[in-house]
Amino acid sequence: MNPVWQAYLHNHQAIIENNCVIHFGNIPSELQHTQTNTIITDLSHFDLIRFSGNDARVFLQSQLTCDIHQVSMHSARYGSYCTAKGRILTNFTLWQQNDDVIMELPANLSASILKRFNIYVLRAKVKLSLANADLVRIGLAGTHALSLIQDILNLPLNGHESLELIEHESTHIICLPQQRFELITSIDNAPFLWERLSAQAKPVGIACWNWLTIQAGIPIILAETQEMFLPQMINLDVIGGISFKKGCYPGQEIVARTHYLGTIKRRMHLAHIDTAEIIEPGDILFSENIEDQSCGTIVNVAPSPQGGFDVLAVIQQNSLDCCTIHWKSLTGPTLELMPLPYSLSL
């Protein structure tokens, strides 16, 4: 987190730990407001990697599951970066800024991913660098988020599409699923935006944005879940994070074979777990049909405004078809499945 921006947020009652805004005084109140009203939050728990140079796009096309040609000045893209065995090291949002490509990914993964990318640059004309010091990201969500952006930036957004990228003076806006928007702006312009938006949107911490992301069915691979999943297991094929028409990339053969042979035995689902115990990404799930073997894994978790936790979890299909799914053990709390905002029938 940029130290100037951190000081600004601290002066506006933000409680910050490890470069993340945890809350603005009352997490339960913030969660309740998030469910029904409009909220604003800082997104510094994500890092930005900037790819620049004449070969940047060719390099990325050879490394990522998504099609870099679909990333433009008007369109962002989801994608993932895999091992040779097709297991996800990180997933991300990708967009274009001027002639550069920007990758947004969890902050605790950026150093290792940047190091891995640099190994494969070789003689390509590509420069990789962190862009966190230059750019601030602000999340805005809720029933009045769209009208706030329209009024404050004097910018018509009627008919916007998911992952549409809009450039406005010193601010880029990514239109995200489920009434969410990400505003990327300079450190100099960020206080102005925050002041204007927070006058009508409640400032909230990381848990609230995580909950909204889970409700949208958008996964975030964290350190605890690296190399656990193929891209299809976390529904990246459904949300546009995989291209099956592009050339080779690490893990491409396995990802393509899984797609064309129809062998996806585990998929990500949205669920609620009614418990006061702390749930963590990477926690395992159980069902009676497998007994002592795990039938699934927690991908992401956030406290629910209704109490307990809402989760995204990868679960084996044959367990879902016949059994109740339990957290941590066969006697643990059960998962109450909820509908995703998109269909898994491909």
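In this report, the structure presented in the accompanying data block is examined. (Residues numbered from 1 in each chain as written. Predicted model: local features only at pLDDT ≥ 70, side-chain atom pairs only at ≥ 80, totals over all residues. Heavy atoms only, no water.)

Here we take up the packing of aromatic side chains. Summed over the entire model, instances satisfying the criterion amount to 7 aromatic pairs. Note on F59 and F117: the rings are 6.0 Å apart at their centroids and 70 degrees apart in plane angle, and the pair reads as edge-to-face. Taken together, the residues F59 in helix α3 (residues 56-61) and F117 in helix α4 (residues 107-121) connect sequence positions 58 residues apart. Joined through ring pairs, the aromatic side chains of W5, Y8, F24 and W194 make up one cluster. Over the aromatic face of W209 sits the side chain of R180, whose NZ or CZ is 5.5 Å from the ring centroid. (Phe/Tyr/Trp six-rings, centres within 6.5 Å; stacked < 30°, edge-to-face > 60°. Helix = DSSP H or I, 4+ residues; strand = E, 2+ residues; numbered from the N terminus. Lys NZ or Arg CZ within 6 Å of the ring centre and 35° of its normal.)

The next point concerns the packing of helix α1 (residues 3-11) against helix α6 (residues 190-198). Between α1 and α6, the shortest axis-to-axis distance is 11 Å and the interhelical angle comes to 25 degrees. When the axis of α1 is compared with that of α6, the two are roughly parallel. Considering how the two elements wind past one another, α1 and α6 form a crossing that is right-handed. On α6, the residues touching W5, Y8 and L9 of α1 are A190, P191, W194 and E195. (Axes fitted to C-alpha atoms, helices over the stretch in contact; angles between N-to-C directions. Parallel < 35°, antiparallel > 145°, perpendicular 65-115°, else oblique. Left-handed = near helix turned anticlockwise from the far one by under 90°. Contact = heavy atoms within 4.5 Å.)

A word on unusual backbone geometry. For Q13, which is not glycine, the phi torsion reads 70 degrees and is therefore positive. Here Q13 lies in the loop between α1 and β1 (15-17). Residue N18 is not a glycine yet carries a positive backbone phi of 50 degrees. Within the secondary structure layout, N18 lies in the loop between β1 and β2 (20-23).

Moving on: the nonpolar core. Residues W95, I174 and I234 are the most contacted members of the largest nonpolar core, which totals 46 residues. Take this core: its biggest share by element is 5 residues, from helix α7 (residues 206-215). Each residue touching W95, except ones within four places of it in the same chain, is listed here: L48, V71, A76, D100, V101, I102, E104, L165, I174, E182 and I184. Counting residues in hydrophobic clusters, the runner-up holds 29 residues, among them L9, I152, I166 and L183. (Core = buried A, V, L, I, M, F, W, Y, C linked by side-chain atoms within 4.5 Å. Buried < 20%, exposed > 50% of the residue type's maximum accessible area, 1.4 Å probe, protein only.)

Before going further, it helps to spend a moment on the pattern of salt bridges. One pass over the full model with this rule turns up 4 salt bridges. The partner of R267 in a salt bridge is D237, with the nearest N and O atoms 2.9 Å apart. Residue R267 is located in strand β14 (residues 266-273), and its partner D237 is located in the loop between α7 and α8 (252-261); the two are separated by 30 residues in the primary sequence. Both residues of the pair, R267 and D237, count as buried. Its salt-bridge partner being R257, residue E253 comes within 3.0 Å of it at the nearest N-O pair. Taken together, the positions of E253 and R257, both in helix α8 and 4 residues apart, correspond to about one turn of that helix. Classification of E253 as exposed rests on a relative accessible area of 56%. (Salt bridge = Lys/Arg side-chain N within 4 Å of Asp/Glu carboxyl O.)

On a regular strand, one side chain projects to one face of the sheet and the next to the other, so that they alternate. Strand β7 (residues 100-106) sits mainly inside the fold: 7 of its 7 residues count as buried. Alignment of strand β4 (residues 46-52) against β7, held across 6 bridges, turns out to be antiparallel. Within β7, the residue paired with F46 across the bridge is P106. Bridge analysis of strand β6 (residues 88-97) against β7 gives 5 bridges, and the strand direction is antiparallel. Across the sheet, T93 pairs through a bridge with E104, a residue of β7. (Pairing = 2+ DSSP bridges.)

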